[in-house]
Amino acid sequence: MTLIKSISGIRGTIGGKTGDNLTPVDVVKFAAAYGTVLKKKTATPKVVIGRDARPSGEMVSALVTATLQGLGIDVVDLGLSTTPTVEMAVPWENAAGGIILTASHNPVQWNALKLLNEKGEFISAQDGEELLKIAEAEGFDFAAVTKLGSYVKKDEYLKKHIDAILALPLVDVDAVAGKGYRVVVDAVCSTGGTAVPMLLKAMGVEVKELHCEPTGHFPHNPEPLPEHLTDIIREIKKGKYDLGIVVDPDVDRLALVGEDGTPFGEEYTLVAVADYVLSKKKGNTVSNLSSTRALRDVTEKAGGQYSAAAVGEVNVVTMMKDVHAVIGGEGNGGVIYPDLHYGRDALVGIALFLTHLAKSDTTVSRLRAKYPAYIISKNKIELTPGIDVDKVLEEVQKKYKNQPINTIDGVKIEFDKEWVHLRKSNTEPIIRIYAESDLEAKADNLARKIISDIKEIIS
């Protein structure tokens, strides 16, 4: 149970003591700090908010709304929505920023404030640091009664978001509709249960809904990893489906399952979408240091250049802008398509993937087989307060000093076409250890070797 403050937002578990968890007092404090940062930039700011379906969402939303109004800020509330929908609504509303109330893939006891700038992109590290200082000092100046902010609820933005996706030149609705696809969707009882079927039906796809009622009571671990996809795999094996689609609670991560019940691999969501985009539009790509090498292989084959960014959407977006990437994202199933907006968006990922599948005139399993075969072993070590993470990373770096090493975000060590990346998580009290090789056993062994090194250093 903890409160984590980072460039990814303010995230914590509901209940408990102020300052240790995400209590109502903490929600108000950080919402007030965020509003104060906006007021320094704009005299009369407007903020767009939206939330996923988790049970604490309504309470957190009420606290955030009242706090922003108390600062004299107007609030546009999208209610139950998706992270990418809120991101797109911010510039559409000419708002100064946005707050998405979601702890993304974290379990139900967590919630968070994801903070956006006027472009609908995550706030900069600089703004994040200023916000934390203001929160610490409680340097808030609330509005007089005659200058309180207004409140309006709007429910049209999900449709606007989907319409914008369907209007993209690389999304071919007719090609998809002509295939008569049958798709099963697992939306983990959150807002994807509304958004994903709405998009699929607009593309002429027959939809079977699994865990699509947005109750917020997640029927399984909400992180869309293969080990959590047993329900949808069972359903696919029972019926005749062309594809399984799984999204996380706020619909910014996309995992796919083949017609044979085999997970496509969340790392390969971006690889497949990038392959399609690069076939239509030459250019560069970006993913983070913990993502598969397969994106680099696909990009270079298409004549583009691949770049690796530090982990975190804001870092990937910054590098995408720097290198003029035509597609990018993160290997956790996060697709960022700049022609729509600079944010991870499962909905645009679905539309582009289905178009790719239709135009390839093949099955999901055959499409997956055409990509380079890499396996990532994803591991973590829980952190206790006494562990000095910086010292651990420094010692590992020393041990492997003869290998190519990248230290822009933790430590990434390369061994020919294998690599291992260890870093402190922005969103949980853990060290993540990711290792990639061409065989699962080799990736697991590489990860185990590094974990053994870390345990030796800690002891």
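As shown above, the structure is provided for reference.
For every chain, the first residue of its written sequence is number 1, and the numbers climb from 1 along that sequence. The predicted origin of the model limits local features to residues at a pLDDT of at least 70 and limits the giving and counting of side-chain atom pairs to 80 or more, whereas totals for whole chains, interfaces and linings rest on all residues. Only hydrogens and water are set aside; all other atoms, that is, all heavy atoms of the structure, feed into the side-chain values.

With that out of the way, let us pick up helix 4 (residues 125-137). A rise of 1.5 Å per residue sets the reference length of helix 4, with its 13 residues, at 18 Å; its end C-alpha atoms lie 18 Å apart and thus fit the reference within 8%. Looking at the packing, one finds that the buried side of helix 4 touches helix 1 (24-41) and strand 6 (110-116). Segments assigned H or I by DSSP are reported as helices when at least four residues long, segments assigned E as strands when at least two residues long, and all are numbered from the N terminus. One or two steps after helix 4, the chain reaches glutamate 138, where phi turns positive at roughly 50°. Multiplying 1.5 Å by the residue count of a helix minus one yields the expected span of that helix. The criterion used for residue contact is that any of the two residues' heavy atoms lie within 4.5 Å.

Each Phe, Tyr or Trp ring, with Trp reduced to its six-membered ring, pairs with another whose centre is within 6.5 Å; inter-plane angles below 30 degrees give stacked pairs, above 60 give edge-to-face pairs, and intermediate values give tilted ones. Considering all chains together, one arrives at 4 aromatic pairs under this definition. Seen in terms of ring centroids, phenylalanine 140 and phenylalanine 142 are 6.1 Å apart; in terms of plane orientation they differ by 65°. Their pairing is edge-to-face. Residue burial is assigned from relative accessible area. The probe radius is 1.4 Å, only protein chains are included, and a residue is buried under 20% of its type maximum, exposed over 50%, and partly exposed in between. Among the residues examined, phenylalanine 140 registers a relative accessible area of 22% and is labelled partly exposed. Seen in terms of ring centroids, phenylalanine 264 and phenylalanine 353 are 5.4 Å apart; in terms of plane orientation they differ by 80°. Their pairing is edge-to-face. Placement of the pair is phenylalanine 264 in the loop between strand 11 (254-257) and helix 9 (266-280) and phenylalanine 353 in helix 12 (residues 346-360), with a sequence separation of 89 residues. As far as the burial class goes, phenylalanine 264 and phenylalanine 353 line up, both buried.

Now for the packing of helix 9 against helix 12. Orientation of helix 9 relative to helix 12, taken along the N-to-C sense of each, is 70°, at an axis distance of 9 Å. When the axis of helix 9 is compared with that of helix 12, the two are roughly perpendicular. The way helix 9 lies across helix 12 gives a crossing that is left-handed. Contacts between helix 9 and helix 12 pair Ala272, Val273, Asp275, Tyr276, Val277 and Lys280 from the former with Gly349, Leu352, Phe353, Thr355, His356 and Lys359 from the latter. Following the grouping adopted for this structure description, the nonpolar residues are Ala, Val, Leu, Ile, Met, Phe, Trp, Tyr, Cys and Pro, the charged ones are Asp, Glu, Lys and Arg, and the polar ones are all others, Gly among them. A class-by-class count of the residues in the contact of helix 9 with helix 12 yields 6 nonpolar, 3 polar and 3 charged. Lines are fitted to the C-alpha atoms to define the axes, a helix being fitted only along its stretch in contact, and any angle between axes, read from their N-to-C directions, falls within 0 to 180 degrees. What sets the label is the angle itself: under 35 degrees gives roughly parallel, over 145 gives roughly antiparallel, 65 to 115 gives roughly perpendicular, and the rest give oblique. Here a crossing is called left-handed whenever its near helix is offset anticlockwise from the far helix by less than a right angle, and right-handed whenever the offset is clockwise.

What follows concerns helix 1. Compared with an ideal rise of 1.5 Å per residue, which puts 18 residues at 26 Å, helix 1 spans 26 Å between its outermost C-alpha atoms and is within 8% of the ideal. Regarding helix 1, the residues found buried are Asp26, Val27, Lys29, Phe30, Ala31, Ala32, Ala33, Tyr34, Gly35, Thr36, Val37 and Leu38.

Our next topic: the sheet that holds strand 7 (residues 151-153). Each pair of strands is called paired provided DSSP finds at least two bridges between the two strands. Here we have 7 strands laid out as an open sheet, ordered 1-2-6-5-3-4-7, and mixed in their pairing. At either margin of the open sheet sits one strand with a lone partner, and together these are strand 1 (3-6) and strand 7. Averaged over all pairs of adjacent strands, the angle between their axes in this sheet comes to 15°, without regard to strand direction. Of the pairings in the sheet, the one linking strand 4 (residues 74-80) to strand 7 comprises 3 bridges and is parallel in character. Across the sheet, residue valine 75 finds its bridge partner in strand 7, namely tyrosine 151. The sheet contacts of helix 3 (residues 83-92) involve strand 3 (46-51), strand 4, strand 5 (97-101) and strand 6, and relative to strand 5 the element is tilted by about 165°.

Among the buried residues, those of types Ala, Val, Leu, Ile, Met, Phe, Trp, Tyr and Cys that are joined through side-chain atoms within 4.5 Å form a nonpolar core. Counting 58 residues, the largest nonpolar core has Ile245 and Phe353 as the members making the most contacts within it. When residues in this core are grouped by element, the largest group, 10 residues, is from helix 12. Excluding anything up to four places from it in sequence, phenylalanine 353 contacts Leu243, Leu256, Phe264, Ala272, Val273, Val364 and Leu367. The next biggest cluster of nonpolar side chains, apart from the first, holds 28 residues, and it includes Tyr34, Val75, Leu115 and Ile134.

Here we take up the side chain of serine 287. Relative to the helices and strands, serine 287 is located in strand 12 (residues 284-288). For serine 287, a relative accessible area of 0% corresponds to the buried category. Under this definition, polar contacts are N or O atom pairs within 3.5 Å; protein pairs additionally need one hydrogen-donor-capable and one acceptor-capable atom, and for neighbouring residues in sequence, both atoms have to be side-chain atoms. There is a polar contact of 2.7 Å between the side chain of serine 287 and the side chain of tyrosine 306. Non-local contacts of serine 287, meaning those with residues more than four positions away in its chain, are made with Leu270, Leu295, Tyr306, Ser307, Ala308, Ala309, Val316 and Gly329.

With respect to the element layout, isoleucine 73 can be found in the loop between helix 2 (57-70) and strand 4. Residue isoleucine 73 is classed as buried on the basis of its relative accessible area, which comes to 0%. The spatial distance from the C-alpha of isoleucine 73 to the C-alpha of lysine 46 is 5.6 Å, given a sequence separation of 27 residues. Setting aside anything within four residues of it in sequence, one finds isoleucine 73 in contact with Gly35, Lys39, Pro45, Lys46, Val47, Leu68, Gly149 and Ser150.

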